[in-house]
Each structure stands twice: as C-alpha cells, then as structure tokens.
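Take a look at the letters that make up each chain.
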Amino acid sequence: MPPLLHSNASFHQSIINPTFISLLEKCHSIKQFKQIHSQIISSGLAHSPTHCRHMLSFCCSLPAPNLAYSRLLFDEMPVQDVFLFNTMIRAYSDHNDPSSALALYVGMLARGLKPNNYTFPFLLKAFDGETTIAHGDELHAHVLKFGLWSNVFVRCQLIHMYALSGKSHTARQIFELSPDRDVVIWNSLMSGYNRSRRFKDSCKLFEEMEMENVKPNSVTIVSVLSACAKLKDLKFGSRVHLVVKEDEPVLRTLAVDNALVDMYAACGDMSTAWSLFENMKSRDVITWTSMVTGFANSGDIHQARFLFDRMPQKDFVSWTAMINGYIQAHYFKEALAIFREMQDSKIHPDEYTMVSLLTACAQLGALEVGEWIRLYMARNKIKNDTTVANALIDMYSKCGCIERAIKIFKMMTKRDKFTWTAMITGLAVNGFGEEALDIFYQMLKTSTRPDEITYIGVLSACTHAGMAEKGKELFSRMIIDHGIIPNVAHYGCLVDLLGRTGHLTEAFQTIKNMPMRPNATVWGALLGACRVYKNVEMAELAAKQLLELQPENSAVYVLLSNIYAKCNKWDEVHKMRELIMYKGIKKVPGCSLIEIKGTVHEFVAGDKSHPMTEKIYSKLEDMSKELKRAGYVPDTTEAFLDISEEAKESAVYKHSEKLAIAFGLLNSENGVTIRIVKNLRICVDCHNAIKIISKVYAREVAVRDRTRFHHFSHGFCSCKDYW
DNA sequence: GTAGGGTTAG
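In this text the structure is predicted, and so the values were computed from the model without any measurement.

Visitor: Quick rundown of the protein's contact with DNA strand B? Include the residues and the values.
Guide: In the neighbourhood of DNA strand B, 42 residues make up the surrounding shell, with Arg53, His54, Asn187, Asn217 and Tyr352 lying closest. A share of 38% is what sugar and phosphate atoms reach among the atoms of DNA strand B within 4 Å of the protein. One of the side-chain nitrogen or oxygen atoms of lysine 125 is found 3.3 Å away from a phosphate oxygen of DNA strand B. Looking at side-chain class alone, the surface near DNA strand B contains 16 nonpolar, 17 polar and nine charged residues.

Visitor: Give me the lowdown on the packing of aromatic side chains, citing residues and values where you can.
Guide: Any pair of aromatic rings gets described here by the distance separating the centres and the angle formed by the planes. Evaluated as defined, the whole model comprises 17 aromatic pairs. Both rings, one in phenylalanine 277 and one in tryptophan 288, keep their centres 5.0 Å apart while their planes meet at 90°; by these two values the pair is edge-to-face. Highlighted residues: phenylalanine 277 in helix α18 (residues 270–279) and tryptophan 288 in helix α19 (residues 285–297), separated in sequence by 11 residues. Here phenylalanine 475 and tyrosine 491 contribute two aromatic rings whose centre-to-centre distance is 5.1 Å and whose plane-to-plane angle is 75°, an arrangement assigned as edge-to-face. Highlighted residues: phenylalanine 475 in helix α30 (residues 468–482) and tyrosine 491 in helix α31 (residues 488–500), separated in sequence by 16 residues. You'll find phenylalanine 475 and tyrosine 491 in the same group, each marked buried. Taken together, the ring pairs connect Trp274, Phe277, Trp288 and Phe295 into an aromatic cluster. The ring centre of phenylalanine 306 lies 3.6 Å from the NZ or CZ of arginine 310, which sits over that ring. Sitting over the face of the ring of tyrosine 617, lysine 608 holds its NZ or CZ atom 5.2 Å from the ring centroid.

Visitor: Give a detailed account of the pairing of strand β5 (residues 709–713), specifying residues and quantitative values.
Guide: Put simply, side chains in a regular strand alternate between the two faces of the sheet. Burial within β5 is extensive, with four of its five residues counted as buried. Looking at chain direction, strand β4 (residues 701–704) and β5 are connected through four bridges and run antiparallel. Of the residues in β5, the one forming a bridge with arginine 704 is phenylalanine 709. Once β4 ends, the chain turns through four residues before running back antiparallel as β5.

Visitor: Give me the pattern of salt bridges: which residues, what numbers.
Guide: Evaluated as defined, the whole model comprises 32 salt bridges. The closest approach of N and O atoms between arginine 53 and aspartate 81, which form a salt bridge, is 2.5 Å. Remark: aspartate 81 occurs in the loop between α5 (67–76) and α6 (82–94) and arginine 53 occurs in helix α4 (residues 49–60); sequence separation between them is 28 residues. Among the salt bridges present, the one from aspartate 481 reaches arginine 477, with a minimum N-O distance of 2.8 Å.

Visitor: Could you give an account of the environment of glutamine 442, with specific residues and numbers?
Guide: Tracing the chain through its elements places glutamine 442 in helix α28 (residues 433–445). Taking the C-alpha atoms as reference points, glutamine 442 and isoleucine 594, 152 residues apart in sequence, are found 35 Å from one another.

Visitor: An account of the side chain of serine 460 is needed here, citing residue identities and associated values.
Guide: Turning to its location among the elements, serine 460 is positioned in helix α29 (residues 452–464). Taking relative accessible area as the criterion, serine 460 reaches 17% and is therefore assigned buried. There is a polar contact of 3.2 Å between the side chain of serine 460 and the backbone oxygen of glycine 457.

Visitor: Explain the layout of surface pockets to me, using residue names and the numbers behind them.
Guide: In this structure, the second largest pocket encloses a volume near 1,700 Å³. Taken together, 44 residues line the second largest pocket, and the ones lying closest to its centre are Tyr352, Val355, Asp385, Thr387 and Phe418. Sorting the residues of the lining of the second largest pocket by element identifies α9 (129–145), α14 (218–231), α17 (254–266), α19, α21 (316–328), α23 (351–364) and α25 (386–398) as the ones contributing at least two each. Tallying contributions element by element places α19 first for the lining of the second largest pocket, with eight residues.

Here is what the cut-offs are and how they apply
Residues numbered from 1 in each chain as written. Chains lettered and ligands numbered in written order. Predicted model: local features only at pLDDT ≥ 70, side-chain atom pairs only at ≥ 80, totals over all residues. Heavy atoms only, no water. Near = heavy atom within 4 Å. Polar contact = N/O pair within 3.5 Å; in protein donor to acceptor, adjacent residues only side chain to side chain. Nonpolar A, V, L, I, M, F, W, Y, C, P; charged D, E, K, R; others polar. Phe/Tyr/Trp six-rings, centres within 6.5 Å; stacked < 30°, edge-to-face > 60°. Helix = DSSP H or I, 4+ residues; strand = E, 2+ residues; numbered from the N terminus. Buried < 20%, exposed > 50% of the residue type's maximum accessible area, 1.4 Å probe, protein only. Lys NZ or Arg CZ within 6 Å of the ring centre and 35° of its normal. Pairing = 2+ DSSP bridges. Salt bridge = Lys/Arg side-chain N within 4 Å of Asp/Glu carboxyl O. 1 Å grid on protein atoms, 1.4 Å probe; cavity = no way out; pocket = protein on both sides within 12 Å on 5 of 7 lines; lining within 4 Å. Points joined across faces, edges and corners; volume = space filled by probe spheres on them.

Without other data, these values stay purely geometric and don't point to any function.
So, in structure tokens, the structure goes:
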C-alpha cells in the first residue's frame, strides 16, 4: 500500500482527485478501502458525486465485499442517483439477497427515480423462484411501463427469471416476441429450459436453431449436451458431437470437451468417453470427475476408484462424486471411509457431501456417525438446507430414532414433498401408522402435493398399523384426490395390506383384477400373508407364480418350505429341500450390522471372522442359559437347511442378529439401545429371543429388517408379532 | 461509469 497524500484538503476541494480514484483501483481489501475512505472524507471530497460513484463501485466489487459497509456508504451519500441505486442493487444481487434488492428498487421508485437499462438486469438476476412467483409479473409490467423492453439485456434477464421459477412458457413468449434474436438470447432460453428440467425442449430448441440457421456457439453446445446427458439421449448427443466436429476452431473448447465427455459418460458409453478423455490436450478437475462418475454409474466402481486415485487434483466435488459412487455400489462403509481420507487431505466438504454421508449412515444404521455429521455441519457452518434436513430425517428414521427425526421435521421452516414423504415413510416403518397418516393430512393442508412415493409411505403406514379399511379407502381415492394412477408398487402395498390383515381372498381377488401384470413384489406379499395365516393352497399358488418370474429366488423356496413346516407338512418340506439341492440354489446369507463407537461391525450367520469371536460366542452361551431360564424355547420351524433338530437349534442360535446383539451387549453401557440392521426378514426364533433379551437384560433393542422396524422393550415388540 | 448465455456432485 503506497503512502497516501498528506496534502492540504482545501487545495483539493471540489475538484476530482485522480489520485484517490487510482488508489481505489488498486485497493484489494476492506481495510485498505477504509483507509482511502477516511482520506477522502478528510479531503472533503466525500460528497463529490464522482468519488461517491467510485467508492461504492469499488467497495461492492472487493474480493470479499462487505455488504453492510457498502450500504452504510450508500445511505450516507448526499445524492443517490440511478447509478448508485443500480450498483447497490447489483451488490445485493451478487449476494443472493432478492428481498433487499427488491426493497431498494422500491425505494428508488419512491424517490421518483426511473430505472434504466441496467436496473432490471441487476435486479432480476437476484430473483429466485419464490420471489419471481410473488413479484415477477409486476416487474415484467414495469419493464414495459418504463420503455425498457427494447433492451436485449433486459429481455435476457426476464427469460432467465421466468425459466428459473418454472414458467418456461412465459420465457418462451418473451423469446418469441423478441425482434432481434442473437445467439445469446437463444442460449438464455435453452439454459432456462435446462433449469426447469425441460431437457427435451432444449434439444428441440437446438433443432430450431439449425432450421433458422442460427450458428450455435460453444455455450449453446455445452447447454444442449448437458440436456442430452440428463436425458441419456446418446443419439442426439452424438449428433451434437458431429456439429462440433464441423466447426472445430470455434466450438472446441475445454468446456465443450468436458460436456462431451460428461454426455457420453452419463449415457454409459464409457469407451467413447474414454477415447475423448485420452485425446484431450488439456483436462481439468471437471473432466476427471465426469469420468469417475461415469464409471461409478456404469457399475465399475473399481475403475472409478482407479481414476480417482490418479487425479492430478481433486476438489470437494470430486470427493463427493467418489462417495456417491460407493453409495450407488452399496459400499456404504467405503463411502464413510473415503470421507475420512477427504478430511486428511484437508478438502472441505459442502452440504452435498453431507447428504451423501447421511445416506450412507441411513443405510448402515450408523447413528453415531450420523450424529457426528450433524455436529460437524454445525461446527463448520455447512448450509443446512431442506435437502440436508430431509437426509437427516431419513437417517434418524432408518436408525430407528423416530423422535429425533420428528424433532428435525418440526424445526424445519421450509418443507418440500420429500420432507413430508420422508417423515411419513419414517413413521410408517417405525410402526407409527396413525401418526404417519396425521402427517399426511397435515401435508394436504399445505400446497405440497403428494406423489407416487408419498402414497407408498401412506399405504405402508396402514399396513404396519393394521388399518385395512383406511388403506383401502386411501388407495381408492388416490386417483380422485390427486390424479395419481396406482402403479404396480401401489398394488403390491394393497395386497400386502389386505394379506397382513387376514383378507387373503380379497388380496387374491385384487391381484386377479389389477390392470397390469403382477410383479414379484405382489406375489411375494401374498406369499408372506399365507405364511402368517397358514394357507397352504394359496401359498403354493403364489409361490408358483413367483418362481415363474424369479426362478432363482431362494427366498421363495424358503418361505414355501417354512409354510409347509408350520403346517406340519414334513413330506413337502423334504421335497422342497431336495428341489433346492437339485437346482443348486443358494440362500442369500443373513447379515446384521451394528455400530459401536462409530464403527460399523458386520456379522453373518455362524460368523467367526470377528476379532472378538471368542468373547462373542461365550457371551452367546451365557445369553442362551439366561434366556432358557426365562422361558425361551428355540423355534426351529423357520430353520431350513439343517437336518437334525440339534443342528437346526444351533443354526438359529448362531443367526447373525444374535451374534450382533451379543457383541452389542459386550460393548455398550447399560441402558443404551442396541440397534441392528438386518438384510433379510427377521426369523421367528430371533424375534422370540430378542423379546426375552429386552426383558432379561433390561435393554431396548431396535432391529431394522427388510421391511420395517422391530422396537423391542420389556419383553414386547412394537410390531405386535405381526410382520 | 455499470449489462446477457455454459460444464461436474444429491
């Protein structure tokens, strides 16, 4: 910072001082700015219009602008002209503060000032969807009233504004009414379509440009390729690629190459993506990240990781992409592990990263890590937006902590349909059917409309709470009330609902009358109900249909065999066993997860790989004695592959959830809830045993199985033995 | 003495 002039203030008064202006141009921090400002004041030049303009412009365009200081400066200026208003509005705009920008605009009108060509581009750029819905049309009218329609910048920004709020129809009208349509205004409309996810319209617009002989530039190409990537439209994307090849000198930019790589990768054409990638003269972090995402999405997680490890530099987007890749591949533990690596390399995550991590925690039932993430977000001031809160609700629900999920839900000031759906589904799987319906009715009072997924939650709430009549009513009204045509998944829910409440004939009738082909879920729901209500004939029928759809589904044989066993049809059980041996079908191994001190431990039945195996098995022995003393009798009707009674007993005794609970009892304090996540349905023996464990050890045990939560406490389960 | 369009992650 050069020394400031120590000149006599009066000497400079009322003339423009070029020294101050050039000092402002060199100014890089608010501290320096304040020094110059004080000099300007003591020189008596603070009220000179030229100095005011320079000062406000520079203050607003500092590398880290101080909005409050800028506003103070603005407020103290003796004459606030349109230029100063525009500059201040732009500052708010740059800070995504539409309401302050709007308030200033209103103040400007009140002052009798007229907006000019610059005002609306600044002001409208600040607008988000909500501000547009509230004030967009009015401002559009102002544009016309003040005669600014003829300005192409103003029209571009109007298009941008309408597109952002989803009114692409109005955006299109402005485009149509534009007298001079240069490539930029075409691009504006296309980016508008992209923003409102009207990707097909973007592609159509590109074709229109070709027909009207408007030459696309590199921005056009990037936009249209982005639309192709979202649509996974390889055919259209390749056509755009040809256009690029026809005009290489103009269109070959790094951004275009990146967009091409991303398009091919998104469409799953990894070999073309790879050859483009290899031949690029220069690549940046975006190029690499697109490749990593492409490999991950095409199911090649190892290739994704291979590339990821070789990236010359990685930013938080690349790390998040890799975390997401692991989640897509169901490698949830790896997703959490690589986040630790991310922290080691001192790359700061953002809210997107957090959502991914919370998803992994939800899948693993890793409550402690999930809690840690919430604290981490608070400590590191990571944006807690609606998506993050939705992920938290989902994580808490899937970890069986429904109270905490409700707390997040209640604290939210802005909720979207995902929020409501997450809360409804969360309550449903945790067994709070009535409460789930309450939330659903609350949702209907807002302007948020339920969708297909919401209804899956609503119907499963009725199932888990045994509310057959209510469920039937909601099912029959979903098309009338919300125009949602029931799909095969909804029919699956209905069959499940009827089956679980004992209406087997009605469930079967529903399947016969449904307007589409029943899928495996539908027949599976019926088969499950047959098990509970011991209906062998219908079970055979359902199993036969199911095996036609999924001949390798071992669970069907197991379930059918269980039903035979339950009905003492041992000949049939024997036949089933032989059939399985003959067909060489393997049972999906049962697997249970438990999180202890932030680490997720995984157990399969009969597992002896854990470092604490000896202690676990000896704890299991103790438990077995205590349980038997408390009246527990092993129930082996659902044990399947074992021949002798004794072997069966020892097989159920080593079920993965029992191992996990033994481990949990060994490694957690009294009074702490033991939380287990299981990949299959819990078996009847484990269910009995855990009820007694909850009583004998005075522990709450929460088991999440394939379909729902079982909250065990004081010898009872929240599912009321009904699952 | 100010203005318009673009790419990656949920």
